[in-house]
Amino acid sequence: MNKKVLYSLAVMASFVLASCNGEYDDWASPQANDPEAAAAKYGVTFSPGSEINSTMPDADGVVHLITINNSNQNISGFTVKSLTVNGEAIDAQMDGNDITVSANDLALLIEKQHNSRASVAREVKIVTTASANLSNGEAVTIDLTGEATGSLTPKATPTIDSKGYFMLGDFANVGWNLGTPLWMTDNGDGTYTATVNTNSTGSNWFKFYGGSFYSNSDWDTVNKGVMGCKENGDDALSGFVVYTGDDAAHAPNGVQTLVISGQGTFEVTLDMKNLVYTVKRAEAKYYLIGNMQTKNWTITDIDCMFYAQGGNKYSYTTKFNGAWDLKFVDSKGLGNWDVAWGTSVDGDNSPSGSLINSKSQSFAAPTKGEYYTLTIDMNTQTYSWIKLTDQAPTAYNSVSLIGDFNNWKGDVDLKQEVNAPHNWYGRVTIPSNGALKFRANHGWDASWGTSAADKSKAIGDLYYLSLGGENITVPAGTYDFYLNDITGNWSIVAIK
């Protein structure tokens, strides 16, 4: 048979009948029959399919995984009920006495399970259930459990481009201009990264390209090396990469365009070994130093962190009590007064002004003892103060975390900054992936979650949340959690 090599599947060539619900003479009393004895009595056996130890064919697009052998004239045929691969269901059909699955479906399932399209061996365990059809028109369920370890090797993917990769898209100073490509940094392990600043608060479209196909003027040449996604406009923060010449299962409509949602700074990683990409927020982290801290003017303290607003802008809302309130540093400047950001005039309480980080002086809110939102724009290195209309925001006795990690009980309390009311902070370890929310006073009258539109954004992103939002999905790890209960701004910072 002339078969194109798509996959190689080597599975232990034995399947064992695990249970049978009863003998033909007394199907109504299945508990009285030994499964293996019944199978032997009625001549039902199960063996590896004809293609279980061969490369998967593309001629008919299916893989014959199991053959049901039957010598009993009382059984006229079989109907497949279910089949799982590594515990996940996949559609299966009967082809005569063979149980088959789609080659494409099988490939996609294995790739999803390993988050990889790499052409490497993958262990599989197969479990199937079928029913026997009786010649007298009745039907009886026979449970067939086949367990085997083997290897599924997806087809080869493109080799890594020796000239690297670049991006084009809706990014600052890049765009879709062949003259201004954004070349990605080669990390030496098959992954490539780039930091991008998106232009739009909505959708920012982009694609990857192989360096060997670069031209500063010829799109036909460049598009021979284009890579993107399966569904046009996919704004997920990670997924599989599809490429020019990819198969119909992965790219039914050709290479489509990826999207980053929102304005800000993002780190994009292209993993060419596994053909996956990831996108995560990469805004700098700025920490306030000054009178609002519990530990006044401690330059290593991270309890008070600005909340990113996108586009390299950040804000902090509280009651600013001091006459000489603050400076701030980024995460790399913690502990170093020489790089602290402030103003040129000590105690400046202007409603707006310029920022410097060399021999800087502290600055303050326009009026003492009132609620303000301080916004810093690090693109222009400026600041501005906006006084809150409501000078008596709702006060909460506590703000805590609750979720899957603590079985939705036994709240983990965050601490409120004594001199920066309505800002809460805590370092919490989340032992396993799951959902969580912020809530006030250990009840549900006031809680904070994410909106449906924000559910795909990365951990480490900084959101504006409304009361009563949806659960936040957080991977296992240790994090610094920040929340402002006036604005709903929050941040989760992974501790590595």
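What you see is a predicted model, and the numbers here were worked out from it, not measured in a lab. (Residues numbered from 1 in each chain as written. Predicted model: local features only at pLDDT ≥ 70, side-chain atom pairs only at ≥ 80, totals over all residues. Heavy atoms only, no water.)

A.B. asks: Help me out: how do you make sense of a nonpolar patch on the surface in this one?
C.D. replies: Together, Trp176, Trp205 and Trp219 make up an exposed nonpolar region whose accessible area comes to about 270 Å². In this fold, Trp219 is placed in helix 3 (residues 219-222). You can call Trp219 partly exposed: its relative accessible area is 31%. (Patch = residues over 30% accessible without salt bridge, like charges linked within 9 Å, V, L, I, M, F, W, Y side chains within 5 Å. Areas by Shrake-Rupley, 256 points an atom, 1.4 Å probe, with all protein chains shown as cover. Salt bridge = Lys/Arg side-chain N within 4 Å of Asp/Glu carboxyl O. Helix = DSSP H or I, 4+ residues; strand = E, 2+ residues; numbered from the N terminus. Buried < 20%, exposed > 50% of the residue type's maximum accessible area, 1.4 Å probe, protein only.)

A.B. asks: Any chance you could explain the side chain of Thr265 here in plain terms?
C.D. replies: Mapped onto the elements of the fold, Thr265 is located in strand 20 (residues 265-271). Side-chain polar atoms of Thr265 contact the side chain of Asn197, separated by 2.5 Å. Once you skip the residues sitting within four places of it in the chain, Thr265 turns out to touch Thr195, Val196, Asn197, Lys280, Arg281, Ala282 and Glu283. (Polar contact = N/O pair within 3.5 Å; in protein donor to acceptor, adjacent residues only side chain to side chain. Contact = heavy atoms within 4.5 Å.)

A.B. asks: When you look at unusual backbone geometry in this model, what are you seeing that I'm missing?
C.D. replies: Backbone geometry follows two general trends: most residues other than glycine have a negative phi, and most peptide bonds adopt the trans configuration. Positive phi, close to 55°, is recorded for Lys359, a residue that is not glycine. Within the fold, Lys359 resides in the loop between strand 26 (352-354) and strand 27 (370-377). Its identity is not glycine, yet His422 carries a phi of approximately 80°, on the positive side. Relative to the helices and strands, His422 is located in the loop between strand 31 (415-416) and strand 32 (423-430).

A.B. asks: When you look at the sheet that holds strand 23 (residues 307-310) in this model, what are you seeing that I'm missing?
C.D. replies: Hydrogen bonding along the main chain pairs the strands of a sheet, whether they run parallel or antiparallel. A sheet is described by the order of its strands in space; here five strands give the open sequence 23-24-27-28-26, paired in antiparallel fashion. Edge positions in the sheet fall to strand 23 and strand 26, since each of these pairs with one other strand and no more. On average, each strand axis in the sheet is tilted by 25° relative to the strand beside it, whichever way the strands run. (Pairing = 2+ DSSP bridges. Axes fitted to C-alpha atoms, helices over the stretch in contact; angles between N-to-C directions.)

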